[in-house]
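Okay, here's what each chain looks like letter by letter:
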Amino acid sequence: MRQWAQALIDLHLDASWTFGFDNAKTRAGLCDYTRRRISVSRHLAARYADDEIHQVLLHEVAHAMAGPRAAHGPLWKRTAKALGYDGKRTHDGAIASEFATWIGHCPAGHVHYRYRRPTGALACGRCSRRFDVAHVITWQRRSAP
Ligand SMILES: [Zn+2]
Ligand SMILES: [Zn+2]
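Remember, it's a predicted structure, so these values are computed and weren't measured experimentally.

What counts and how
- Residues numbered from 1 in each chain as written.
- Chains lettered and ligands numbered in written order.
- Predicted model: local features only at pLDDT ≥ 70, side-chain atom pairs only at ≥ 80, totals over all residues.
- Heavy atoms only, no water.
- Core = buried A, V, L, I, M, F, W, Y, C linked by side-chain atoms within 4.5 Å.
- Buried < 20%, exposed > 50% of the residue type's maximum accessible area, 1.4 Å probe, protein only.
- Helix = DSSP H or I, 4+ residues; strand = E, 2+ residues; numbered from the N terminus.
- Contact = heavy atoms within 4.5 Å.
- Pairing = 2+ DSSP bridges.
- Axes fitted to C-alpha atoms, helices over the stretch in contact; angles between N-to-C directions.
- Parallel < 35°, antiparallel > 145°, perpendicular 65-115°, else oblique.
- Left-handed = near helix turned anticlockwise from the far one by under 90°.
- Nonpolar A, V, L, I, M, F, W, Y, C, P; charged D, E, K, R; others polar.
- Phe/Tyr/Trp six-rings, centres within 6.5 Å; stacked < 30°, edge-to-face > 60°.

Asks: Where do I start with the nonpolar core in this structure?
Replies: Nonpolar side chains in soluble globular proteins tend to end up buried together. Within the largest apolar cluster, 26 residues are counted, with the highest numbers of intra-cluster contacts made by Leu13, Trp17, Phe19, Ile38, Leu57 and Trp76. At the level of secondary structure, the elements contributing two or more residues to this core comprise α1 (2-12), β3 (37-41), α2 (42-47), α3 (50-66) and α4 (74-83). Here the element with the most residues in this core is α3; it accounts for 8 residues. What tryptophan 17 contacts, discounting residues up to four positions off in sequence, is Ile9, Cys31, Asp32, Tyr33, Arg36, Arg37, Ile38 and Ala64. If you look at the next biggest cluster of nonpolar residues, it comprises 5 residues, including Trp102, Cys106, Ile137 and Trp139.

Asks: Would you take a moment to explain the sheet that holds strand β6 (residues 138-141) for this structure?
Replies: The strands making up a sheet associate through backbone hydrogen bonding, with each pair oriented either parallel or antiparallel. In space, the 3 strands of this open sheet follow the order β5-β4-β6, with antiparallel pairing throughout. Since the sheet does not close on itself, it has two edges, and those belong to β5 (111-114) and β6, each with one partner. Put simply, the sheet's adjacent strands are angled 30 degrees from each other on average, direction ignored. Where strand β4 (residues 102-105) lies against β5, 4 bridges are found, and the strand directions are antiparallel. Residue pairing for β5: histidine 105 is matched across the bridge by valine 111.

Asks: Would you mind going over the sheet that holds strand β2 (residues 29-32) with me for this structure?
Replies: With mixed pairing, 3 strands are arranged side by side in an open sheet as β1-β3-β2. Each having just a single partner strand, β1 (18-22) and β2 make up the two edges of the open sheet. Averaged over all neighbouring strand pairs, the angle between strand axes comes to 20 degrees, with direction disregarded. As judged from the 5 bridges shared by β1 and β3, these two strands associate in the parallel manner. Across the sheet, the residue bridging to phenylalanine 19 is isoleucine 38, located in β3.

Asks: Looking at this model, I keep getting lost on the packing of α1 against α3. Mind explaining?
Replies: As a packed pair, α1 and α3 sit with axes 10 Å apart at the nearest point and diverge in direction by 30 degrees. Between α1 and α3, the angle is such that the two are roughly parallel. The hand of the α1/α3 crossing is right-handed. Taking contact as the criterion, the partners of Trp4, Ala5, Leu8 and His12 in α1 are, on α3, Asp50, Ile53, His54, Leu57, Leu58, Val61 and Met65. Of the residues belonging to the contact of α1 with α3, the class tally is 8 nonpolar, 2 polar and 1 charged.

Asks: So what exactly am I meant to see when it comes to the packing of aromatic side chains here?
Replies: The description of an aromatic ring pair uses the distance of the two centres, along with the angle that the planes make with each other. Scanning the entire structure with this criterion turns up 3 aromatic pairs. With a centroid separation of 6.4 Å and 85 degrees between ring planes, the pair formed by tryptophan 17 and tyrosine 33 is classed as edge-to-face. Taken as a pair, tryptophan 17 in the loop between α1 and β1 and tyrosine 33 in the loop between β2 and β3 lie far apart in primary sequence, 16 residues in all. Among the residues examined, tyrosine 33 registers a relative accessible area of 27% and is labelled partly exposed. Plain terms: the ring middles of phenylalanine 19 and phenylalanine 21 are 5.3 Å apart, the flat faces sit at 75 degrees to each other, and that makes the pair edge-to-face. Look at phenylalanine 21 and you get partly exposed, because its relative accessible area is 22%.

In short, the description is geometric, and any link to function would need to be established separately.
Take a look at the structure:
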């Protein structure tokens with residue numbers, strides 16, 4: 001996996017960029033523009049299938065190519081797509097939540113993510129197995145990262 005990452009960097013970026021693993025638990029990958037380093041969480045790398053890790057790498061390489069101002073806007077999307085990033089997969093945790101537009105909090109503080117505006121009241125499944133108004137989630141639309 002280190003070889004792939006290096007091959008992708010060699011192919012699309014210049015020699016100032018390096019690859020490494022990091023210890024993040026809440027996100028899959030990172031593009032650090034200051035250190036010019038692309039990293040993948042070793043925890044997630046151990047759990048993800050190869051093609052999913054490849055997608056994470058493409059996601060981050062596209063960030064490096066598009067630049068920090070592009071965020072997840074049209075330029076990044078075009079770049080990522082040209083690299084072969086499908087953007088369809090929802091990885092549990094990091095990737096899924098990174099793209100989710102709606103963030104919700106239950107009264108106990110559990111965080112929930114949705115891609116579309118939730119219709120109707122939703123209760124927190126971690127607080128209660130059945131619908132209970134005491135555990136209703138409050139949703140907020142997230143602005144672009
Ligand atoms: Zn991203
Ligand atoms: Zn909860």
